[in-house]
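Secondary and tertiary structure notes
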Amino acid sequence: MRKPADFFVELGEDRANPVSFKAVQLKQEIITRLTRDGRATIAELSQYTHTSIPKVNEIITELIQRELVVDHGKIVNGVGRKPNIFGLNPQWGYFLSVETTRAHINLAIVSFDEQIVHATKDIPFVLENSPKAFEELCNLISAYMVSHDFLQDRLLGLSVTITGRVNHLTGNSHSFFNFDNISLKEALVKRFALPAHIENDTRAMAYGEYAKGVAQQEKNVLFFNLDEGIGMGIIINGHLYSGKSGFAGEFGHIPLLDNDIICHCGKKGCLETEASGFAIVQQVRQELRQGTSSIITQIVDDIDDIRLAHVVEAALRDDMLCIERISTAGEKIGHGIAMLLNIFNPDLVVLGGKIALCKSAIMLPILSSVHKYTLNLVNTDTKFETSQLKENAGLLGGALLLRNELLQLA
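Residues numbered from 1 in each chain as written. Predicted model: local features only at pLDDT ≥ 70, side-chain atom pairs only at ≥ 80, totals over all residues. Heavy atoms only, no water.

**Focus: the overall build of the chain**
From N to C terminus, the chain includes 15 helices and 15 strands. Rg of the C-alpha trace for the chain: 23 Å, near the compact-globule value of 22 Å for 410 residues, within the 12% margin. Principal-axis analysis of the C-alpha atoms places the extent of the chain at approximately 75 × 50 × 40 Å. The buried share of the chain, taken over its 410 residues, is 51%. Residue pairs in contact within the chain that sit at least 24 positions apart in sequence constitute 62% of those at least 6 positions apart. Within the structure as shown, the chain displays about 19400 Å² of accessible surface, and the carbon and sulfur contribution to it stands at 50%. Of the side chains in the chain, 39 bear a positive and 48 a negative charge, and the two mean positions are spaced by 6 Å. (Helix = DSSP H or I, 4+ residues; strand = E, 2+ residues; numbered from the N terminus. Rg over C-alpha atoms; globule rule 2.2 N^0.38 Å. Buried < 20%, exposed > 50% of the residue type's maximum accessible area, 1.4 Å probe, protein only. Contact = heavy atoms within 4.5 Å. Areas by Shrake-Rupley, 256 points an atom, 1.4 Å probe, with all protein chains shown as cover. Lys, Arg positive; Asp, Glu negative; His and termini not counted. Charge placed at Lys NZ, Arg CZ, Asp CG, Glu CD.)

**Digging into the nonpolar core**
Judged by nonpolar contacts, the single largest core of 44 residues is most densely connected at Phe7, Phe8, Ile30, Ile60, Leu68, Val69 and Phe112. It is helix H15 (residues 393-407) that provides the largest number of residues to this core, a total of eight residues. If sequence neighbours within four positions are ignored, phenylalanine 7 has contacts with Ile31, Leu63, Arg66, Leu68, Trp92 and Leu407. If you look at the next biggest cluster of nonpolar residues, it comprises 43 residues, including Ile280, Ala314, Leu321 and Ile355. (Core = buried A, V, L, I, M, F, W, Y, C linked by side-chain atoms within 4.5 Å.)

**Section: the sheet that holds strand E14 (residues 348-352)**
In spatial order, the strands read E13-E12-E11-E14-E15; together these five strands make up an open sheet with mixed pairing. Every other strand in the sheet has two partners, leaving strand E13 (239-241) and strand E15 (383-386) as the edge strands with one partner each. Between one strand axis and the next, the sheet turns through 25 degrees on average, direction left out of account. Pairing of E14 with E15, which is carried by four bridges, proceeds in the parallel orientation. (Pairing = 2+ DSSP bridges. Axes fitted to C-alpha atoms, helices over the stretch in contact; angles between N-to-C directions.)

**Some details on the packing of helix H9 (residues 277-289) against helix H12 (residues 320-344)**
The relative placement of two packed helices comes down to the angle between their axes together with the axis-to-axis distance. At their nearest, the axes of H9 and H12 sit 10 Å apart, and the two run at 140 degrees to each other. The pairing of H9 with H12 is recorded here as oblique in orientation. Here H9 and H12 pass one another in a crossing that is right-handed. Between H9 and H12, the residues in contact are Ile280, Gln283, Val284, Glu287 and Leu288 and Leu321, Arg325, Ile326 and Ala329, respectively. Of the residues that constitute the contact of H9 with H12, the class distribution is six nonpolar, one polar and two charged. (Parallel < 35°, antiparallel > 145°, perpendicular 65-115°, else oblique. Left-handed = near helix turned anticlockwise from the far one by under 90°. Nonpolar A, V, L, I, M, F, W, Y, C, P; charged D, E, K, R; others polar.)

**Description of the sheet that holds strand E7 (residues 155-162)**
Spatially, five strands are ordered E6-E5-E4-E7-E10 in an open sheet, and the strand pairing comes out mixed. The two strands at the open ends of the sheet, each matched to only one other strand, are strand E6 (116-124) and strand E10 (196-200). Pairwise comparison of adjacent strand axes, ignoring direction, gives a mean angle of 15 degrees for this sheet. Pairing geometry for strand E4 (residues 94-100) and strand E5 (residues 104-111), over seven bridges, is antiparallel. Note on E5: the bridge partner recorded for phenylalanine 95 is valine 110. In the packing of helix H5 (residues 131-146) onto the sheet, contacts are made with E4, E5, E6 and E7, and the angle to E5 comes to roughly 40 degrees. Seen against the sheet, helix H7 (residues 201-212) touches E4, E7 and E10 and runs at an angle of roughly 100 degrees to E10.

**Digging into the packing of aromatic side chains**
Enumeration over the complete set of coordinates arrives at five aromatic pairs. Taken together through their ring pairs, the aromatic side chains of Trp92, Phe95 and Phe112 make up a single cluster. (Phe/Tyr/Trp six-rings, centres within 6.5 Å; stacked < 30°, edge-to-face > 60°.)

**Considering helix H2 (residues 21-37)**
In this model H2 runs 25 Å from its N-terminal to its C-terminal C-alpha over 17 residues, within 8% of the 24 Å that 1.5 Å per residue would give. Those residues of H2 lying buried are Val24, Leu26, Lys27, Gln28, Ile30, Ile31, Arg33, Leu34 and Thr35. Phi for glycine 38, located one or two positions after H2, is positive at around 90 degrees. (Expected span 1.5 Å × (residues − 1).)

**Remarks on the state of the cysteines**
Scanning the model with the defined rule gives zero disulfides in all. You can see cysteine 270 has no disulfide; the closest cysteine sulfur is in cysteine 265, sitting 3.6 Å from it. Among the residues examined, cysteine 270 registers a relative accessible area of 2% and is labelled buried. Lacking any disulfide linkage, cysteine 358 is separated from the closest cysteine sulfur, that of cysteine 322, by 8.5 Å. (Disulfide = S-S within 2.5 Å.)

**A closer look at the pairing of E5**
For E5, the buried fraction is high: eight of the eight residues fall into the buried class. With burial as the criterion, each face of E5 is covered, one bearing His104, Asn106, Ala108 and Val110 and the other bearing Ile105, Leu107, Ile109 and Ser111. Inspection of the sheet shows E5 paired to E6 by six bridges, in the antiparallel sense. Opposite isoleucine 105, over in E6, you have isoleucine 123 as the bridge partner.

**Concerning the side chain of arginine 33**
Inspection of the secondary structure puts arginine 33 in helix H2. Those residues in contact with arginine 33 that sit more than four places away from it in its chain are Gly38, Glu44, Leu45 and Tyr48.

**A few points about the pattern of salt bridges**
Under the criterion given, the structure shown has 15 salt bridges. A salt bridge links lysine 354 to aspartate 227, with the shortest nitrogen-to-oxygen separation between them at 3.6 Å. Of the two residues, lysine 354 is situated in the loop between E14 and helix H13 (360-373) and aspartate 227 in the loop between strand E11 (221-226) and strand E12 (230-236); the sequence distance between them amounts to 127 residues. Overall, the relative accessible area of 16% leaves aspartate 227 in the buried class. Where salt bridges share partners, they join Glu114, Lys212 and Arg403 into one cluster. (Salt bridge = Lys/Arg side-chain N within 4 Å of Asp/Glu carboxyl O.)

Spelled out as structure tokens, the structure:
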């Protein structure tokens, strides 16, 4: 029996053959439709692909033989002759999705039909641009793979999302793991002998939300990752926008503030210096040292051990100090978002990341600033939502981007 991963190899070979190219396109279109709608009949697939029923039936038969598609039997409703209905086989193959943050990693197994079947989160890990950190990351990935035996012949590829500047086309991470004169993607392929996809963490979150979350019905979306840093993912006409070199979306480094705080990028006045999760934590620590009372001291014994998650927890428990710091950050973030609304005029803005979990504490000050600084017509055009997928957005988005790359879907 051929392995599922061989399907993509053969697909690539057929794509290079002019005689087989149309058949490859038809397979891609059928898989896309089944991915989007779950199940479909031969007639529905024929109408969707503008292809004859015999030809669609031929492709479906081939995909069933490859175990990629399953026949779910006859439709039970309606009158007359009942057609068979087909769908993707969720156990045909899996993607391993790795989300790398500055303090931990999250790992998930995602089925070909876009379901997270297993996840392990918040594994301690210190992100550094060093061979030692890369080796530790690979060891954590290997251990996770070994602990799931069913992946042995069914693993289709590896997706790694990481903070910082990432060019998914070249596979380079310019902020981390940029050594040995090879791209991060090449290093992972060499290490695991699997197809790999590299993407910026926020862009992966944006795509996850667009494909499976709150943004599914929209085509032009701005996604803001409000976490330790501040990032942005851009969806334009249904496509993830990365920029020429993969650097698009550095929202946190808009020089919006009049201060002398040196950002970690080396510049002054960046939005992140006062409105990021890192900045909020520093502000909370400073006020606690000055004697301000807060329930956060009941959550964490040592002020130096306070993390963004603790601030969010305290805010959700109506702690005034944490709510005020988050609200002040929200006003500044909203000012920046207002500038972008005037430029992009999007259908939807989605707030994600840990700070977005604070709900009204962050949403209301953002909306207040947006109303203050945007053109009225632009303001009324755009909806605001919080992430539906929450902590799963990046894991799912990274896996789907890898799948798209293997299928060469737009």
